[in-house]
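Understanding the architecture of this molecule
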Amino acid sequence: MRIRQSLSAPVAWLGRAARYNGTERGAFAQSAKAAIAAVISWVIAAELLSLPQPFLAPYTAVFVVEATVYRSVRYAAQQLAAIVGAVVVAGVTNLLIPSTIASIGVATLAGLLIGQWHRLGSSGPWVGITALVIITFGTSTSAPLLLDRLLESALGVAVGTFVNAVLFPPVYAGGAREAVQRLADRLAELLTGVAEGLRRDEVADRAQDWVSEAEHVERFVVQAEQAVQWGQESRRLNIRTHSSRVKVPDDQYRFPLATLRSLAPYVRQLTDALRAMADEELPSRHPGEDERRRFAELLDAVARTVRLRGDPEASEEDLTKSLEDSRERLDELDGYLTADSPIGPAMGLVGMLIPVRRTLRELEAR
């Protein structure tokens, strides 16, 4: 059974890639475009221009088909610069060092050192590798052949960039919204889970789990940041962003993300305070049923506000009402603690109220 599942997994993946517009389809489309660019560059280099060693054309074409058009253009410039550097290194080394064995070592060393320049990015190591290939293929002894290598590389870079720019250029329109809402849902679910645990008096049993969940929220923050960055980058130099039929992410997702990211540390502080309260040896410091119920209602109200803040399409009226409700519950609990609550339970709640108050302040400020 497991063998059958392992053999059928690639077929299933291709089926999902053909049906859905998600990361799988993005990978499938990018791979298909790279293959098309390789074929086109080979046909031009080998059939139309009759270049003697046209393998560099499809080689470079594949590498410049990146996840976004902007990244393709940037990588194309880096790749072309790396290959020019490799050709120069190979030519100069062969001119100065007659021995093939010695020139291989010197060219590889020089190319790898030059490739450390940060402007070359991930293309840097290819300076030394390509120089090694040129020397071992015996083309570094002829200036016309070196020029052919440049022409082949430039052709591949141009074809790969062009194919990626005009053939369904990638637009990551849905990832930003989904990631931001997922982060908001994660924070809200944690708050409502704490509220439910307080009502049931399960703090001692669940406090450590809440701390672990709060630590995992950071992963969702990183995912949301990456999704927003991808969405913004995919718009740059992209001809599809001018089409009214393509919905592209804009700056509306950056502001909810900034708010939610600022809330994560305070939610973590809340769970730490709950764990500290659970570890408290004096039962008199633990909030009673009435205090726990009031605090749970406050957390539920804050959770609703977090969900609304994470939705760019939420109405301002709903958000304002939710904020007002949260503020009223916080003020009521403050008044209760300062007037009627016994000192012990009040001290237990104060440590939990501080991060909640800061959370609400962030929600109001932004």
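Residues numbered from 1 in each chain as written. Predicted model: local features only at pLDDT ≥ 70, side-chain atom pairs only at ≥ 80, totals over all residues. Heavy atoms only, no water.

An ideal rise of 1.5 Å per residue puts 16 Å on 12 residues; helix α6 (residues 125–136) measures up with 17 Å between its terminal C-alpha atoms. When α6 is considered as a whole, its buried residues turn out to be Val127, Gly128, Thr130, Ala131, Ile134 and Ile135. Residues of α6 that are buried in the fold lie against α4 (69–96), α5 (100–114) and α7 (143–166). Just downstream of α6 lies Gly138, where phi reads positive at about 80°. (Helix = DSSP H or I, 4+ residues; strand = E, 2+ residues; numbered from the N terminus. Expected span 1.5 Å × (residues − 1). Buried < 20%, exposed > 50% of the residue type's maximum accessible area, 1.4 Å probe, protein only. Contact = heavy atoms within 4.5 Å.)

By size, the foremost hydrophobic cluster in this structure holds 51 residues, and its most contacted members are Leu183, Leu274, Phe295, Leu299 and Val306. Those elements giving two or more residues to this core turn out to be α8 (175–199), α9 (203–235), α10 (254–279), α11 (289–309), α12 (316–339) and α13 (343–365). Residue contributions to this core peak at 12 residues, all from α8. Contact partners of Leu274, with chain neighbours within four places excluded, come to Val194, Leu198, Val203, Ala207, Trp210 and Met352. (Core = buried A, V, L, I, M, F, W, Y, C linked by side-chain atoms within 4.5 Å.)

Before going further, it helps to spend a moment on the packing of α8 against α11. Between α8 and α11, the least distance of the axes is 8 Å, while the angle of their chain directions is 170°. As the angle between them shows, α8 and α11 are arranged roughly antiparallel. Taken together, the residues of α11 that come into contact with α8 (itself represented by Ala184, Asp185, Leu187, Ala188, Glu189, Leu191, Thr192, Val194, Ala195, Leu198 and Arg199) are Arg292, Phe295, Ala296, Glu297, Leu299, Asp300, Val302, Ala303, Val306 and Arg307. Taken together, the residues of the contact of α8 with α11 break down into 13 nonpolar, one polar and seven charged. (Axes fitted to C-alpha atoms, helices over the stretch in contact; angles between N-to-C directions. Parallel < 35°, antiparallel > 145°, perpendicular 65-115°, else oblique. Nonpolar A, V, L, I, M, F, W, Y, C, P; charged D, E, K, R; others polar.)

Right, let's get into the packing of aromatic side chains. Scanning the model with the defined rule gives three aromatic pairs in all. Cluster of aromatic residues (ring-pair linked, three or more members): Tyr59, Phe63 and Trp126. Stacked on the ring of Phe255, the Lys or Arg Arg254 has its end atom at 5.2 Å from the ring centre. (Phe/Tyr/Trp six-rings, centres within 6.5 Å; stacked < 30°, edge-to-face > 60°. Lys NZ or Arg CZ within 6 Å of the ring centre and 35° of its normal.)

Time to look at the pattern of salt bridges. Tallied over the entire structure, the rule returns 21 salt bridges. The salt bridge involving Asp201 is made with Arg292; its shortest N-O contact spans 3.8 Å. You can see Asp201 sitting in the loop between α8 and α9 and its partner Arg292 sitting in helix α11, a full 91 residues away along the chain. Close ionic contact of Arg293 with Glu297 constitutes a salt bridge, the shortest N to O distance being 3.2 Å. Taken as a pair, Arg293 and Glu297 lie in helix α11 at a separation of four residues, close to a single helical turn. According to the relative accessible area criterion, Arg293 is partly exposed, its value standing at 36%. According to the relative accessible area criterion, Glu297 is partly exposed, its value standing at 27%. Sharing partners across several salt bridges, the network here consists of Asp290, Arg293, Arg294, Glu297, Arg304, Asp325 and Arg329. (Salt bridge = Lys/Arg side-chain N within 4 Å of Asp/Glu carboxyl O.)

Such coordinate-based values are descriptive only and should not be taken to indicate function.
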